[in-house]
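# Architecture and fold: a report
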Amino acid sequence: MSKEKAPEGAEPKKGGKMKKLLVIGIGGTALISAGAGAGIYLGGGLSKHEAKPEDNYPKLVVRSEGAEEAEAEGGKEGEGPLKVGTVAVPNDRFKVDPRKYEITYYPITEAFTTNLADGSGFLQVGISLSTFYDGKVINNIKRQQVPIRSAVLMALAEQDPALLSTSQGKQQLQRQLTNAINDVLRDKEGFGGVDNVYFTSLVIQ
């Protein structure tokens, strides 16, 4: 029995199908690989710039030599203090060298008045706050004035008038008020930043 010959062109058709499938398979793999590569590339890029809490923290304002020279010379007319550069910090408890950074004072316009702890009289205090950080701290203080006033009044109401008559007692009150204000700012804004509290007036009656 003679074997039937395959029709002419049958083998080339089969080979052509195989080639097409092979090309489609390679092309699909290449597309998947390219997509995965792009995803990894983009993902890596995003992860590098992922927002961190400290990115939004206030920054220390560096004292510039130009500002010190202008201050020493009395400054040129129409020129304000020169502030160049800022330094990011990991937290608000970062140890600040006062010789390296600009200090800003923010006066609380309304005085604080409260009865003394022993009921013998009252205490009236005017204060100004200082910070080495940028304007974010001042904005936070303005935004949180109500809880700050409450914290200051509570701290003042606990004072011993006899202790307040001494220099040591006044310095202790400065530290207490600084801590109280920073606690409010940390709770409400996530960052303290007040370096010290200064008395602009202090009356005990």
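In this text, all values refer to a predicted model and were calculated from it rather than measured experimentally.

For the rest of this paragraph, the subject is the overall build of the protein chain. Of the regular secondary structure elements, the protein chain holds six helices and six strands. Helices and strands appear in the protein chain in the N-to-C order α-β-α-β-β-β-β-α-α-α-α-β. The burial tally for the protein chain puts 28% of its 205 residues in the buried class. Here the contacts in the protein chain between residues at least 6 apart in sequence split such that 73% fall between residues at least 24 apart.

With that settled, the discussion passes to the side chain of Thr 131. Its place among the elements puts Thr 131 in strand β5 (residues 122–131). In this structure the side chain of Thr 131 is engaged in a polar contact, spanning 2.7 Å, whose partner is the backbone oxygen of Gly 193. Beyond its immediate chain neighbours, meaning those up to four positions away, Thr 131 contacts Glu 102, Ile 103, Thr 104, Val 137, Ile 138, Gly 193 and Asp 195.

Structurally, Pro 58 can be placed in the loop between α1 (10–48) and β1 (60–63). Classification of Pro 58 by relative accessible area gives buried; the value is 3%. Along the chain, Pro 58 and Asn 91 lie 33 residues apart, while their C-alpha atoms are 9.4 Å from each other. Not counting residues up to four positions away in its chain, the partners in contact with Pro 58 are Val 89, Tyr 133, Asp 134, Lys 136, Val 137 and Phe 191.

Quick look at the environment of Arg 93 now. Tracing the backbone shows Arg 93 in the loop between β2 (83–87) and β3 (104–107). Assessed through its relative accessible area of 62%, Arg 93 is described here as exposed. Residues Arg 93 and Gly 193 lie 100 residues apart in sequence; the distance between their C-alpha atoms is 7.9 Å.

The end-to-end C-alpha distance of helix α6 (residues 167–189) is 32 Å, a good match for the 33 Å that 23 residues give at a rise of 1.5 Å each. Within α6, burial applies to Gly 169, Leu 173, Gln 174, Leu 177, Thr 178, Ala 180, Ile 181, Asn 182, Val 184 and Leu 185. Buried-residue contacts for α6 involve β5, α3 (135–143), α4 (145–157), α5 (161–164) and β6 (196–204). Following α6 by one or two positions, Gly 190 adopts a phi angle in the positive range, close to 85°.

Conventions adopted
- Each chain has its residues counted from 1, following the order in which its sequence is written.
- Note on the predicted model: pLDDT of at least 70 is required for a residue's local features to be given, and 80 or more for side-chain atom pairs to be given and counted; whole-chain, interface and lining totals, by contrast, use all residues.
- Values reported for side chains reflect all heavy atoms of the structure, with hydrogen atoms and water molecules removed beforehand.
- Counting from the N terminus, the helices are DSSP H or I runs at least four residues long and the strands are E runs at least two residues long.
- Using a 1.4 Å probe on the protein chains alone, a residue whose accessible area is under 20% of its type maximum counts as buried, one over 50% counts as exposed, and one in between counts as partly exposed.
- Here, residues are in contact when the closest pair of their heavy atoms is within 4.5 Å.
- Any N or O atom pair separated by 3.5 Å or less is treated as a polar contact, with the protein-specific requirement of one donor-capable and one acceptor-capable atom, and with residues adjacent in sequence counted only for side-chain atom pairs.
- What a helix should span is 1.5 Å times the count of its residues minus one.

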